[in-house]
Amino acid sequence: MTKKLQTPDKFKFMTERSIKREKYELTAWQSAQLRAKLPKGIFWNQLEKGGLIQWNWCLLNSCLTHGLESSITTALVEEYMSTLPQVA
């Protein structure tokens, strides 16, 4: 049985344009550096090859604010992972 998403709004994925509307400037260089450092599928997704990048805003914000290795970010990643459907 798959686990139902418990907090979909908390872990919403946002485009870089939407992030800029949240008053955070994410340049193309910063985006590339973060994508190289952060795991795809958890912190970010790419819709099609060479296409639109979407960021998990909650996790990205925590990473940029507290650091990737902080206990706050680690706890949020674990919480996010627990909302994903389980593979049988």
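The rules behind the values
Residues numbered from 1 in each chain as written. Predicted model: local features only at pLDDT ≥ 70, side-chain atom pairs only at ≥ 80, totals over all residues. Heavy atoms only, no water. Helix = DSSP H or I, 4+ residues; strand = E, 2+ residues; numbered from the N terminus. Buried < 20%, exposed > 50% of the residue type's maximum accessible area, 1.4 Å probe, protein only. Contact = heavy atoms within 4.5 Å. pLDDT = per-residue confidence, 0-100. Salt bridge = Lys/Arg side-chain N within 4 Å of Asp/Glu carboxyl O. Pairing = 2+ DSSP bridges. Axes fitted to C-alpha atoms, helices over the stretch in contact; angles between N-to-C directions. Phe/Tyr/Trp six-rings, centres within 6.5 Å; stacked < 30°, edge-to-face > 60°. Lys NZ or Arg CZ within 6 Å of the ring centre and 35° of its normal.

S.K.: Residues and numbers for the environment of glycine 67, please.
M.R.: Relative to the assigned elements, glycine 67 resides in the loop between α3 (57-66) and α4 (71-83). Owing to a relative accessible area of 23%, glycine 67 belongs among the partly exposed residues under this scheme. Discounting residues that sit within four places of it in the chain, glycine 67 has contacts with Ser62 and Thr73.

S.K.: Can you tell me about the confidence of the model for the protein, naming the residues and giving the values?
M.R.: For the protein, per-residue confidence averages 85 on the pLDDT scale, and residues scoring 70 or more make up 89% of the total. Here helix α1 (residues 16-21) stands out as the element of the protein with the lowest mean pLDDT, 87, in contrast to α4, whose mean of 94 is the highest. Confidence over residues 1-7 falls short of pLDDT 50; this stretch has 13 contacts with residues more than four positions distant or in other chains.

S.K.: Quick one: what's the story with the pattern of salt bridges, residue by residue and with numbers?
M.R.: Throughout the structure, instances matching the rule amount to two salt bridges. In this structure, the salt-bridge partner of glutamate 25 is lysine 20, at a minimum N-O distance of 3.9 Å.

S.K.: So what's going on with the sheet that holds strand β1 (residues 13-15)? Residues and values would help.
M.R.: Within a sheet, neighbouring strands are paired by backbone hydrogen bonds and run either parallel or antiparallel to one another. Reading across from one edge, β1-β3-β2 is the order of the three strands in this open sheet, with antiparallel pairing throughout. The sheet is open, and its two edges are formed by β1 and β2 (44-46), each paired on a single side. Taken pair by pair, the neighbouring strands of this sheet meet at an average axis angle of 30 degrees, ignoring direction. Sheet topology note: the β2/strand β3 (residues 53-56) ladder contains three bridges and is antiparallel. By the bridge assignment, asparagine 45 is partnered in β3 with glutamine 54.

S.K.: Explain the packing of aromatic side chains to me, and be specific about the residues and the numbers.
M.R.: The full count for this structure, using the stated rule, is four aromatic pairs. With 6.4 Å between their ring centres and 45 degrees between their planes, tryptophan 44 and tryptophan 55 make a pair best called tilted. Of this pair, tryptophan 44 sits in strand β2 while tryptophan 55 sits in strand β3, and the two are eleven residues apart along the sequence. The class of tryptophan 55 is buried, set by a relative accessible area of 0%. Put simply, the rings of Phe11, Phe13 and Tyr80 touch in pairs and so form one group of aromatic residues. Here the guanidinium or amino end of arginine 35 rests over the ring plane of tryptophan 44, the centre of that ring lying 6.0 Å away.

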